[in-house]
Amino acid sequence: MLNLCFQHLRMSTEPINIFKESLLPNSSYKGGKGKAEVADLFDGKKLYKLSSNENILGSSPLALQAIEDNIGKLSEYCDRTDDRLRHALSNYYNNELSANQFFSDNSGVSLLNLIERAFLEKGHEIIVCNPAFKPYAVFAKKLQAKVVDVPLVGDDLHLNDPDILNAINDQTRLIFITSPNNPTGTYIPKKQMDALVASLPDHVVLVYDEVYFQFVDAPDYVRAHEYVKQGKNVIGVNSFSKAYGLAGLRLGYGYSTEKIARYVAQASTPFMINTLALEAGIAALKDDAFIDKTVNLVNGEKDFLYSSLDQLNIKYWKSQANFILIKPDMNDKAFELQMLKEGIMVRTVANFGAPGCIRVTIGDREANTAYISALTKVINTNK
Ligand SMILES: Cc1ncc(COP(=O)(O)O)c(C=O)c1O
């Protein structure tokens with residue numbers, strides 16, 4: 001009987017390739033290493049992880065309490081939808097955006113993937129501005145979209161908006177702008193953003209990644225919701241990983257016009273936000289005290305770090321985020337390894353489009369002092 005069925009299958013005599021070129025090995029983004037992965041590379045000193053822009057103060061206490069309160073519910077399915085998180089977000093944004101203007105996913109990086117899956121098909125184009133967060137390009141390539149790079153320019157690494165506008169064509173769907181930017185820590189002034197948003201054609205969506213917005217103190221910074229409120233094709237991308245200290249929980253959210261938000265949400269899966277992430281996210285949004293403490297610590301440490309880097313004559317870029325990009329006068333991989341041997345994890349960012357540069361998370365005074373003393377040692381040894 002079974003044989004009879006197979007006789008009806010019409011198969012080519014040639015082997016059929018079932019694997020997509022775009023998913024071949026080494027096509028994925030791996031993110032930074034964890035402490036356990038490097039433990040045997042450094043010689044037993046206390047290890048400071050300054051490589052993934054995490055919160056040195058730990059996690060939002062309100063989020064941790066919510067996790068404790070809900071840990072007993074894991075045998076039950078979580079909410080089918082993210083409705084409760086979206087209402088909490090609307091509230092957090094003073095009801096200036098409705099719950100229907102939000103969507104969420106299991107992290108900022110998943111949210112970026114969701115947005116790209118929603119908008120990109122083979123042959124479409126995206127614009128990125130390197131040095132930039134690598135996943136924008138990695139996900140697009142997997143969807144067989146073309147990645148057009150309009151690099152940041154000048155010693156201050158500013159956005160080249162005239163060239164961005166020139167790079168737009170009928171196939172362009174998404175432009176990725178990050179402010180503050182990873183890995184440079186630089187931001188885009190409001191005037192420049194206003195001009196860019198005003199010039200975009202209707203078929204292009206600007207994905208404005210603002211996952212580090214809490215750390216900004218520049219008076220002319222602008223957030224995505226300014227444009228979303230005006231009905232522009234802009235998506236704000238946010239994460240609970242950084243200021244809320246919930247990187248291991250994996251929760252991110254976006255917002256846009258209701259039309260775009262509900263459209264992107266169609267590409268997501270049911271039960272996508274687990275019980276603990278949903279409850280912790282809702283609780284974290286109320287934790288202004290923890291955000292203030294985090295931001296005060298990070299921004300308070302910047303002067304110490306800038307003056308230490310000045311004294312060591314190391315090139316760096318002033319940062320609006322919780323990390324500082326430096327360019328030591330030595331090979332970046334060798335630098336990373338030698339710092340690790342001193343107990344300091346830092347991140348090379350050549351794959352983000354910043355060859356020779358190193359991104360270092362801002363820690364507390366103890367971590368920063370350990371970082372600067374390791375840096376001094378490594379620089380002096382390599383003179
Ligand atoms: C610019 C930027 N966007 C998005 C993310 C995603 O963060 P997560 O996936 O931890 O929410 C990161 C993380 O480093 C980032 O630097």
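Conventions and cut-offs
- Residues numbered from 1 in each chain as written.
- Predicted model: local features only at pLDDT ≥ 70, side-chain atom pairs only at ≥ 80, totals over all residues.
- Heavy atoms only, no water.
- Near = heavy atom within 4 Å.
- Polar contact = N/O pair within 3.5 Å; in protein donor to acceptor, adjacent residues only side chain to side chain.
- Areas by Shrake-Rupley, 256 points an atom, 1.4 Å probe, with all protein chains shown as cover.
- Nonpolar A, V, L, I, M, F, W, Y, C, P; charged D, E, K, R; others polar.
- 1 Å grid on protein atoms, 1.4 Å probe; cavity = no way out; pocket = protein on both sides within 12 Å on 5 of 7 lines; lining within 4 Å.
- Points joined across faces, edges and corners; volume = space filled by probe spheres on them.
- Helix = DSSP H or I, 4+ residues; strand = E, 2+ residues; numbered from the N terminus.
- Pairing = 2+ DSSP bridges.
- Axes fitted to C-alpha atoms, helices over the stretch in contact; angles between N-to-C directions.
- Contact = heavy atoms within 4.5 Å.
- Phe/Tyr/Trp six-rings, centres within 6.5 Å; stacked < 30°, edge-to-face > 60°.

Engineer: Could you clarify how one ought to interpret the site of the ligand in this entry?
Structural biologist: Among the 14 residues in the neighbourhood of the ligand, the closest are listed as Gly108, Asn182, Asp209, Ser239 and Ser241. Within the side chain of Tyr212, an N or O atom sits 2.7 Å from an oxygen atom of the ligand. Contact with the protein chains covers 92% of the free accessible surface of the ligand, which is 400 Å². For the shell around the ligand, the residue count by class is five nonpolar, six polar and three charged.

Engineer: Whenever I open this one, empty space enclosed by the protein confuses me. Can you help?
Structural biologist: Remark: the empty space left among the atoms is shown by a probe the size of a water molecule rolled over them. Enumeration according to the criterion identifies four cavities of 30 Å³ or more in this entry. Of the voids in this model, the largest cavity is the one considered here, and its volume is about 120 Å³. In this structure, the largest cavity is lined by 13 residues; those nearest its centre are Leu152, Leu159, Thr178, Asn181 and Ile188. Split by residue class, the lining of the largest cavity holds nine nonpolar, four polar and no charged. As a volume, the second largest cavity reaches approximately 50 Å³. Every residue lining the second largest cavity is listed: Glu54, Asn55, Ile56, Phe215, Lys242, Thr294, Leu297, Val298, Asn322, Thr361 and Ile362. At three residues, the largest contribution of residues to the lining of the second largest cavity is made by helix α12 (residues 288-311). Residue classes in the lining of the second largest cavity are distributed as five nonpolar, four polar and two charged.

Engineer: Got a minute to help me understand the sheet that holds strand β7 (residues 234-239) in this structure?
Structural biologist: Whenever strands of a sheet pair, they do so through backbone hydrogen bonds, lying parallel or antiparallel. Spatially, β2-β8-β7-β6-β5-β3-β4 is the arrangement adopted by the seven strands of the open sheet, whose pairing is mixed. If you trace the sheet from one side to the other, it starts and ends with β2 (102-105) and β4 (146-149), each paired once. For this sheet, the mean inter-axis angle between neighbouring strands, taken without regard to orientation, is 25 degrees. For β7 and strand β8 (residues 252-255), the ladder comprises four bridges, and the chain directions are antiparallel. Pairing of Asn238 across the sheet is with Tyr253, part of β8. Across the face of the sheet, helix α6 (residues 135-142) comes into contact with β3 (125-128), β4, β5 (172-178) and β6 (205-209) while running at roughly 170 degrees to β3. Across the sheet, helix α10 (residues 258-265) lies against β2, β6 and β7, angled at about 30 degrees from β2, the strand it touches most.

Engineer: Sorry if this is basic, but what is going on with the packing of aromatic side chains here?
Structural biologist: Where two aromatic rings form a pair, the distance of their centres and the angle of their planes describe that pair. Under the counting rule described, the total for this entry stands at 15 aromatic pairs. Judged by centre distance (4.8 Å) and plane angle (40 degrees), the rings of Tyr77 and Phe271 are tilted. Here the residue Tyr77 occupies a position in the loop between α3 (61-70) and α4 (83-92), and Phe271 occupies one in the loop between α10 and α11 (275-284), the gap between them amounting to 194 residues. Ring centres 5.2 Å apart and planes at 55 degrees place the aromatic pair Phe119 and Tyr263 in the tilted group. Residue Phe119 is found in helix α5 (residues 108-119), and its partner Tyr263 is found in helix α10; the two are separated by 144 residues along the sequence. Aromatic rings pair up to connect Tyr92, Tyr93, Phe102, Phe240, Tyr244, Tyr253 and Tyr255 into one cluster.

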